[in-house]
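Chain residues, written in single-letter form:
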Amino acid sequence: MQPLARNAPVLTAGSALFLDFDGCLVDIAPRPDAVVIPPGLPGRLARLHDRLGGAVALISGRDVADLRAFLPDFPGAVAGSHGAELSLDSQRIQKTHGIDLDVAELHGSAARAVAAHPAILVERKPHGVALHYRADPSLRQMVEDVMQQLADTHPGMVLQPAKMAVELRPAGTGKDGALDRLMAMAPFSGRVPVYAGDDLTDEAAMARAQALGGQGIKIGEGDTVAQMRLADPAALARWLDDALERLG
């Protein structure tokens with residue numbers, strides 16, 4: 001897979017780096033709890049955080065607690081649940097939306113709706129729910145129909161298509177909004193954003209980074225607004241290691 005031929009991103013001491021997790025830093029797994037953390041990833045993130053003056057953040061559809069559990073030593077900010085929650089340190093998680101949601105009821109409704117299809121994985125999130133059909137792609141339409149019904153009965157929630165999954169999340173949140181929120185804070189403010197991600201959910205954040213004068217990196221296949229494409233998380237790891245070497 002060849003990089004896109006326009007203004008390939010470069011990390012400098014004035015960059016702010018934003019990274020998706022699944023399919024970007026780690027390979028996609030059959031289940032969200034089955035991902036494997038590459039041995040060099042924690043150290044790489046720590047070095048990037050040091051070289052960029054702390055301006056490194058994870059922006060993911062996963063919730064913050066889940067990300068912190070996989071990367072307990074990550075010193076940077078984490079925006080989880082598509083920006084519905086934000087953690088600037090390892091101790092506190094703040095909600096970033098004002099929607100009044102009975103999340104237990106939402107989780108129960110989703111589970112009951114797909115109970116007859118064990119191949120569908122119900123991912124319960126603090127601010128929404130996702131249904132994964134990776135184990136049986138033929139169930140895509142059924143999942144989309146169920147999620148549309150849930151969206152219709154839960155005001156303030158919107159559908160978010162993803163790879164082999166559909167998620168229901170609070171309206172007004174998104175990875176682009178998470179990037180904006182972080183770019184207004186130290187140590188990100190005044191820097192040039194570079195965003196790397198693999199999913200449909202990342203495209204808006206890539207576009208936002210570029211609108212702010214920054215750059216985007218697409219991991220894997222699919223249409224993209226990004227200036228550069230890399231094949232997989234291993235290719236991104238090599239790119240980041242090269243960037244660290246240039247940063248000195």
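For the structure itself, consult the block above.
Scoring rules and cut-offs
- Residues numbered from 1 in each chain as written.
- Predicted model: local features only at pLDDT ≥ 70, side-chain atom pairs only at ≥ 80, totals over all residues.
- Heavy atoms only, no water.
- Buried < 20%, exposed > 50% of the residue type's maximum accessible area, 1.4 Å probe, protein only.
- Helix = DSSP H or I, 4+ residues; strand = E, 2+ residues; numbered from the N terminus.
- Arc of directions from axis to C-beta.
- Contact = heavy atoms within 4.5 Å.
- Salt bridge = Lys/Arg side-chain N within 4 Å of Asp/Glu carboxyl O.

1. Thoughts on helix α1 (residues 41-51)
- By the burial criterion, the buried members of α1 are L41, R44, L45, L48 and H49. In an axial view of α1, the angular spread of the buried residues amounts to 135°, which keeps them on one side of the axis.
- Residues of α1 that are buried sit in contact with β1 (15-19), β2 (56-59) and α7 (233-247).
- Immediately beyond the C-terminal end of α1, within one or two residues, lies G53, with a positive phi of roughly 60°.

2. Quick word on the pattern of salt bridges
- One pass over the full model with this rule turns up 11 salt bridges.
- We note a salt bridge from R31 to D33, for which the minimum N-O separation is 3.3 Å.
- Here D66 and R62 are joined by a salt bridge, their closest N and O atoms 2.6 Å apart.
- By relative accessible area, which is 3% here, R62 ends up buried.

3. Focus: helix α5 (residues 175-183)
- Turning to α5, its buried residues are K175, A178, L179, L182 and M183. The buried side chains of α5 occupy one side of the element, clustering within an arc of 130° when seen end-on.
- Check the buried side of α5 and you find it contacts β1, β2, β3 (77-80), β4 (85-87), β10 (192-197) and α6 (200-211).

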